[in-house]
Amino acid sequence: MIFKKRRLVSFDWAIKRLLRSKANFVILEGFLSELLKDDIKILSILESESNKNHPGQKANRLDLKVVNARNEIVIIEIQYEREYDYFQRMLFAASTAICEHLPEGMAYSEIAKVISVNILYFNLGHGKDYIYHGQTSFIGLNFQDELALSSQQKKVFRQASPSEIFPEYYLIKVNNFNDVAKNTLDEWIYFLKNEEIKPGFKAKGIQKAKDRLDILKLSEADRMAYNRHSYDLHYMASMALYSDYGMAKREGIEQNQAEVARKMLAKGMPLSLIGEITGLSIEQIEKLAIDTPLVCEPAAPYDSPARARKPRQRKS
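Since the structure is predicted, the reported quantities are computational estimates derived from the model, not experimental observations.

The rules behind these values
- Residues numbered from 1 in each chain as written.
- Predicted model: local features only at pLDDT ≥ 70, side-chain atom pairs only at ≥ 80, totals over all residues.
- Heavy atoms only, no water.
- Helix = DSSP H or I, 4+ residues; strand = E, 2+ residues; numbered from the N terminus.
- Areas by Shrake-Rupley, 256 points an atom, 1.4 Å probe, with all protein chains shown as cover.
- Core = buried A, V, L, I, M, F, W, Y, C linked by side-chain atoms within 4.5 Å.
- Buried < 20%, exposed > 50% of the residue type's maximum accessible area, 1.4 Å probe, protein only.
- Contact = heavy atoms within 4.5 Å.
- Axes fitted to C-alpha atoms, helices over the stretch in contact; angles between N-to-C directions.
- Parallel < 35°, antiparallel > 145°, perpendicular 65-115°, else oblique.
- Left-handed = near helix turned anticlockwise from the far one by under 90°.
- Nonpolar A, V, L, I, M, F, W, Y, C, P; charged D, E, K, R; others polar.
- Phe/Tyr/Trp six-rings, centres within 6.5 Å; stacked < 30°, edge-to-face > 60°.
- Pairing = 2+ DSSP bridges.

1. Some remarks on the overall build of the chain
Assigned secondary structure in the chain consists of 10 helices and six strands. Accessible area for the chain stands at about 18,400 Å²; split by element, carbon and sulfur atoms hold 55% of it.

So this is what it looks like as structure tokens:
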């Protein structure tokens, strides 16, 4: 099978950077909310020996580990290279996370729930689906009944079944996806496979991902101009706005804002994104657009309805 070549040479780097950025929690929250069918809120990125950005083999560290508002640990791995023992690697990573986050001297009941999310660009095992979900359950050998928690255990552990205590695994086999987005989760998988987001996609957080990826796809010169502009915004907020030096510096910053806006207009970026990045109003950008070719209309803002918090749906 011949897979489509990635257009963005460092797409794996780009998506990891998008997901790891604390400023972009809405992106990671959106992806996990669609995958887990819940309103996920990320509290923090966890740093440990298993996911620090230190030199060493890929197998020795995680791509991303976060804790959500349910105090669940979510491991996210993005893997392009084939690994025949990847199932064992998943088990090792989940087990390591459990051990790392059980404080010394604490009861086993304090073990954190671990959710392992694996985004794979190679074929693992034999199966035609592109999303697999794995849980641990206990089935009776004689009566074929599933072992349940007692009423007291449910109260103490705040879990409905043993499967909610043990690690939970998601396997997304990106290359098995047929590019037909039937739902909002499929929209995310389409993005992960094709490095683009189609007009009309409404998955939670996906428009934010599109905006940020557009910036990462800028040329080196344009990205440097954007970075200079970001620095100028911080500098402008710290300087005396009405001093002679301040007024001269402000004029230079405004010129840089216009320069960045024109380059983004020429690349067909949405006016709303240009305004967010440069700080210019839509009216100011539209004036600049008169002399700038290849201007596109502003993208419709993503406005998802509030989701009522409800128990996560589990597979039987």
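2. With respect to the nonpolar core
In terms of nonpolar packing, the biggest core is built from 41 residues, with F31, L32 and I119 touching the most fellow members. The element that contributes the greatest number of residues to this core is helix α2 (residues 25–36), accounting for seven residues. I119 has contacts with F31, I76, E77, I78, Q79, I172, V174 and L192, leaving out every residue within four places of it along the chain. In terms of nonpolar packing, the next biggest core, distinct from the first, is built from 17 residues, V67, A94, A97 and L120 among them.

3. With respect to the packing of α2 against helix α5 (residues 184–194)
In the contact formed by α2 and α5, the axes pass within 8 Å of each other and the chain directions differ by 125°. Taken together, the axis directions place α2 and α5 in an arrangement best described as oblique. The interaxial crossing formed by α2 with α5 has left-handed handedness. Residues I27, G30, F31, E34 and L35 of α2 touch α5, and the partners they reach there are T184, L185, W188 and L192. Among the residues making up the contact of α2 with α5, the classes are represented as six nonpolar, two polar and one charged.

4. Observations regarding the environment of F201
For F201, the position within the fold is in the loop between α5 and α6 (206–216). Take F201: its relative accessible area is 10%, and that puts it in the buried class. The contact partners of F201, leaving out residues within four places of it in the chain, are A181, E187, Y190, I206 and Q207.

5. Notes on the packing of aromatic side chains
Tallied over the full model, the rule gives seven aromatic pairs. The interplanar angle of 75° and the centroid separation of 6.0 Å between the aromatic rings of Y86 and F122 together place this pair among those described as edge-to-face. Residue Y86 is found in helix α3 (residues 86–100), and its partner F122 is found in the loop between β4 (114–120) and β5 (131–134); the two are separated by 36 residues along the sequence. Given the relative accessible area of 5%, F122 is considered buried. For the pair W188 and F191, a centre-to-centre distance of 5.8 Å together with 70° between the ring planes defines the contact as edge-to-face. Here W188 and its partner F191 are both found in helix α5, three residues apart, which amounts to about one turn of the helix. The residues W188 and F191 share a single accessibility class, namely buried. Among the aromatic residues, those joined into a ring-pair cluster are F31, W188 and F191.

6. Here's the deal with the pairing of β5
Residues I131 and H133 point to one face of β5 and are all buried, whereas Y132 and G134, pointing to the other face, are not buried. As paired elements, β5 and strand β6 (residues 168–173) share four bridges and run antiparallel to each other. Pairing of H133 across the sheet is with Y170, part of β6.

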